[in-house]
Amino acid sequence: MQFINFKTAQAASEYVAKQMVQLVKTNPNASFGLATGSTPILLYEALAKDYQANQTNWSQIKTFNLDEYLNLPLDHPQTYHVFMNQHLFSKININLDQTYFPQLDQNYDYLIDSLGGIDLQILGIGTNGHIGFNEPGSALDSLTRVVDLTQETINVNANKFFDGNTDLVPKQAISMGISSILKAKKIILLAFGQSKKAVVKTLKSITKFDINFPASALILHPDVTIISDDEANE
Ligand code: GLP
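The structure contained in this document is the topic of the report that follows. (Residues numbered from 1 in each chain as written. Predicted model: local features only at pLDDT ≥ 70, side-chain atom pairs only at ≥ 80, totals over all residues. Heavy atoms only, no water.)

1. Section: the overall build of the protein chain
- A tally of regular secondary structure across the protein chain gives seven helices and 10 strands.
- For the protein chain, the C-alpha radius of gyration of 16 Å lies close to 17 Å, the compact-globule estimate for 234 residues.
- For the protein chain, the spread of C-alpha atoms along the three principal axes comes to 40 × 40 × 35 Å.
- Counting over 234 residues, the protein chain shows a buried share of 52%.
- The contacts in the protein chain between residues at least 6 apart in sequence include a share of 79% that link residues at least 24 apart.
- Counting every atom, the protein chain has about 10400 Å² of accessible surface; 50% of that belongs to carbon and sulfur.
- For the protein chain, the centre of its 17 positive side-chain charges and the centre of its 23 negative side-chain charges are spaced 8 Å apart. (Helix = DSSP H or I, 4+ residues; strand = E, 2+ residues; numbered from the N terminus. Rg over C-alpha atoms; globule rule 2.2 N^0.38 Å. Buried < 20%, exposed > 50% of the residue type's maximum accessible area, 1.4 Å probe, protein only. Contact = heavy atoms within 4.5 Å. Areas by Shrake-Rupley, 256 points an atom, 1.4 Å probe, with all protein chains shown as cover. Lys, Arg positive; Asp, Glu negative; His and termini not counted. Charge placed at Lys NZ, Arg CZ, Asp CG, Glu CD.)

Right under this line is the structure:
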């Protein structure tokens, strides 16, 4: 695992955006695994800015989102479908038919494999070490499945996205598994802000997979970069 720190989340996001744009240019059929949450917003802003300035051609790119809440109508403002449209898909010339989300009654892992796999997976990380919605206890060989959110994740997401009201946060989601994530060719995990200081510290000390800290699985992948900002770094 490689660690790169930037002074600000803005600088870090611009660096990752550059890598993504480079991949789009060198491989116009590339596939990205995409994350939601507050962390990648600046990255998506930088990609939108690049598109405005350079008309980078996303028309053949495929994207696979990591997760989606269950039991929210798909047009609810807090679904990850709406999030992605708002922050990225409406800002670039991506073909929406090639933007995929995990759904019930669908074999998402098979779909990803059959479309050529993921070239670059972008991840955030939860304060309990979750990646996607793989909460502590998620098995190393887990694939896309329905998951129960922990109370910690419900509380954090209530404060960030549901006006502090935990009753409004769905209690379940559908998420790519740890094994699904590890199949990506390259992985970049973003960790920004004070609240991620403890998880960045833990990531630096990881030597083997620990089921209680799902992001520890990344140690098993040959090409992972953890990108932090000063606030998340000691
Ligand atoms: C959310 C998402 C994750 C995200 C993580 C961190 O609940 N399911 O994909 O990476 O938690 O969120 P944030 O970036 O808002 O800190």
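2. A look at the site of the ligand
- Inspection of the region around the ligand gives 14 residues, with Ser-38, Thr-39, His-130, Lys-160 and Lys-196 positioned closest.
- Here a nitrogen atom of the ligand and a side-chain polar atom of Asp-67 are 2.9 Å apart.
- At 2.6 Å from an oxygen atom of the ligand is found a side-chain nitrogen or oxygen belonging to Lys-160.
- Contact with the protein chains hides 98% of the accessible area of the ligand, taken as 390 Å² for the molecule alone.
- Tallied by class, residues from the shell around the ligand come to three nonpolar, eight polar and three charged. (Near = heavy atom within 4 Å. Polar contact = N/O pair within 3.5 Å; in protein donor to acceptor, adjacent residues only side chain to side chain. Nonpolar A, V, L, I, M, F, W, Y, C, P; charged D, E, K, R; others polar.)

3. With respect to helix α5 (residues 151-161)
- Among the residues of α5, Thr-153, Ile-154, Asn-157 and Ala-158 are the ones counted as buried. Angularly, the buried residues of α5 cover 135° about the axis, an arc narrow enough to put them on a single face.
- Contact partners of the buried residues in α5: β4 (67-69) and α3 (80-87). (Arc of directions from axis to C-beta.)

4. Some thoughts on the sheet that holds strand β2 (residues 31-34)
- Read from one edge of the open sheet, seven strands run β1-β10-β9-β6-β2-β3-β5, paired in parallel fashion. Edge strands, defined here as strands with exactly one partner in the open sheet, are β1 (2-6) and β5 (99-100).
- Taken together, the five bridges between strand β9 (residues 186-191) and strand β10 (residues 224-229) define a ladder with parallel strand orientation. If you follow Ala-191 over to β10, its bridge partner there is Ser-228. (Pairing = 2+ DSSP bridges.)

5. A look at the pattern of salt bridges
- For the coordinates displayed, the defined rule picks out three salt bridges.
- Residues Asp-113 and Lys-183 are paired through a salt bridge, measuring 3.5 Å at the closest nitrogen-oxygen approach. A residue pair is termed long-range when its members are at least 10 positions apart, and Asp-113 in helix α4 (residues 108-114) and Lys-183 in the loop between α6 (178-182) and β9 qualify at 70 residues.
- A salt bridge links Asp-119 to Lys-185; its shortest N-O distance comes to 2.8 Å. Remark: Lys-185 occurs in the loop between α6 and β9 and Asp-119 occurs in the loop between α4 and β6 (120-123); sequence separation between them is 66 residues. (Salt bridge = Lys/Arg side-chain N within 4 Å of Asp/Glu carboxyl O.)

6. What about the pairing of β10?
- With six of six residues buried, β10 lies mostly within the body of the structure.
- By the alternation rule, side chains of β10 split into Val-224, Ile-226 and Ser-228 and Thr-225, Ile-227 and Asp-229, which are all buried.
- Direction of pairing for β1 relative to β10: parallel, over a ladder of five bridges. The residue of β10 that forms the bridge with Phe-3 is Ile-226.
- On the question of chirality, the crossover connecting β9 to the parallel β10 by way of helix α7 (residues 197-205) is right-handed. (Right-handed = clockwise from strand over helix to strand, strands pointing away.)

7. Digging into the packing of helix α1 (residues 9-26) against helix α2 (residues 41-54)
- Put simply, α1 and α2 touch, their axes get as near as 8 Å, and they point 55° apart. Viewed along their axes, α1 and α2 adopt a mutual orientation that is oblique. Between α1 and α2 the crossing geometry is right-handed. In contact with Ala-9, Gln-10, Ser-13, Glu-14, Val-16, Ala-17, Met-20 and Val-21 of α1, α2 contributes Leu-42, Leu-43, Ala-46, Leu-47 and Asp-50.
- Split by residue class, the contact of α1 with α2 holds nine nonpolar, two polar and two charged. (Axes fitted to C-alpha atoms, helices over the stretch in contact; angles between N-to-C directions. Parallel < 35°, antiparallel > 145°, perpendicular 65-115°, else oblique. Left-handed = near helix turned anticlockwise from the far one by under 90°.)

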